[in-house]
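Read off the chains here:
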Amino acid sequence: MRLRSCLAGLALVLLGGVAHAAEECPAKSTSMDDIVAVLNAAPGCDRAMKLFEACAYGASGDVQFGEVVEKKCEADFLRPLKPPQKLSYQRELRACDRKYRNKSGTMYLSATAFCRAEVAQRYSRSALKAGGAGR
């Protein structure tokens, strides 16, 4: 009985932490233009990704948001990549494109956009860590 109480309490604490972790979208409205403006104004890749997560539609509109995040992240790493590294990056992006290719519904377009943005974010973090920079 005591173990159940402890587990229930732990579950409430964990669930409460997850509920508070979600950030609200700071855009003026839910219009695509307002959200794109917020993403473009983000100071770096990680912040843009957080905003993307907070402002996402969960549908096809996320493709445009994801493209903004990709570009923001690519600014951290794309130019100095050597051809083999660029091919690796492009291969990972294509893997995201293929992952949901045969699925129907706009939520899969959103999932693809998030996958691509996450790949770009991973490359950005790696480049910033290697360069010792912090954005």
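Just so it is clear, the model here is predicted, and its values are computed rather than measured.

Conventions used here
- Residues numbered from 1 in each chain as written.
- Predicted model: local features only at pLDDT ≥ 70, side-chain atom pairs only at ≥ 80, totals over all residues.
- Heavy atoms only, no water.
- Helix = DSSP H or I, 4+ residues; strand = E, 2+ residues; numbered from the N terminus.
- Buried < 20%, exposed > 50% of the residue type's maximum accessible area, 1.4 Å probe, protein only.
- Contact = heavy atoms within 4.5 Å.
- Patch = residues over 30% accessible without salt bridge, like charges linked within 9 Å, V, L, I, M, F, W, Y side chains within 5 Å.
- Areas by Shrake-Rupley, 256 points an atom, 1.4 Å probe, with all protein chains shown as cover.
- Salt bridge = Lys/Arg side-chain N within 4 Å of Asp/Glu carboxyl O.
- Lys, Arg positive; Asp, Glu negative; His and termini not counted.
- Charge placed at Lys NZ, Arg CZ, Asp CG, Glu CD.
- Disulfide = S-S within 2.5 Å.
- Expected span 1.5 Å × (residues − 1).
- Phe/Tyr/Trp six-rings, centres within 6.5 Å; stacked < 30°, edge-to-face > 60°.

Student: How should I be thinking about the overall build of the protein chain in this particular structure?
Tutor: Scanning the protein chain from terminus to terminus reveals six helices and zero strands. Secondary structure elements of the protein chain occur, N-terminal to C-terminal, as α-α-α-α-α-α. Within the span of the protein chain, comprising 135 residues, buried residues form 31% of the whole. In the protein chain, the share of contacts with a sequence separation of at least 24, taken over all contacts with a separation of at least 6, comes to 67%.

Student: How should a positive patch on the surface be read in this particular structure?
Tutor: On the surface, a cluster of positive charge is made up of R91, R94, R98 and R101. Position of R98 relative to the elements: it lies in helix α5 (residues 83-99).

Student: Hey, could you run me through the pattern of salt bridges in this one?
Tutor: Between side chains of opposite charge, pairing is possible as soon as their charged atoms come close. Per the stated rule, a full pass over the model turns up six salt bridges. Measuring nitrogen to oxygen at the nearest pair gives 3.7 Å for the salt bridge that ties K71 to E74. Pair noted here: K71 and E74 are both in helix α4 (residues 62-74), with a separation of three residues, about one helical turn. Here K71 falls in the exposed class, since its relative accessible area comes to 55%. Given a relative accessible area of 11%, E74 falls into the buried group. Of the charged contacts in the structure, one is a salt bridge between D97 and R116, with a shortest N-O distance of 3.0 Å. On the criterion of sequence distance, the pair formed by D97 in helix α5 and R116 in helix α6 (residues 106-131) is long-range, its members being 19 residues apart.

Student: I keep staring at the state of the cysteines and nothing clicks. Help me out?
Tutor: A covalent bond bridging the sulfur atoms of two cysteines is what the word disulfide describes. Counted under the stated rule, the structure contains three disulfides. With a sulfur-sulfur separation of 1.9 Å, C25 is cross-linked through a disulfide to C55. The S-S bond linking C25 to C55 shows a torsion near 95°; that makes this disulfide right-handed. Taken as a pair, C25 in the loop between α1 (2-21) and α2 (32-41) and C55 in helix α3 (residues 45-55) lie far apart in primary sequence, 30 residues in all. By relative accessible area, C25 is classed as partly exposed at 25%. Overall, C55 belongs to the buried group, its relative accessible area being 5%. If you count the bonded cysteines of the protein chain from the N-terminus, they pair up as 1-3, 2-4, 5-6.

Student: How should I be thinking about α4 in this particular structure?
Tutor: Given 3.6 residues per turn, any residue in an α-helix points the same way as the ones three and four places further on. Across its 13 residues, α4 extends 18 Å between first and last C-alpha, which sits within 8% of the 18 Å expected from 1.5 Å per residue. Residues D62, F65, G66, V68, V69, E70, K72, C73 and E74 constitute the buried set of α4. Next to the buried residues of α4 lie α2, α3, α5 and α6.

Student: Can you help me understand the packing of aromatic side chains in this one?
Tutor: For the coordinates displayed, the defined rule picks out six aromatic pairs. Centroid distance Y57 to F65: 5.0 Å. Interplanar angle 70°. Geometry classified as edge-to-face. Assessed through its relative accessible area of 36%, Y57 is described here as partly exposed. Looking at F65, the relative accessible area reads 0%, which means it is buried. Between Y89 and Y123, the ring centres sit 5.0 Å apart and the planes meet at 65°, which makes this aromatic pair edge-to-face. Residue Y89 is located in helix α5, and its partner Y123 is located in helix α6; the two are separated by 34 residues in the primary sequence. When sorted by exposure, Y89 lands in the same class as Y123, which is buried. Aromatic rings pair up to connect F77, Y89 and Y123 into one cluster.

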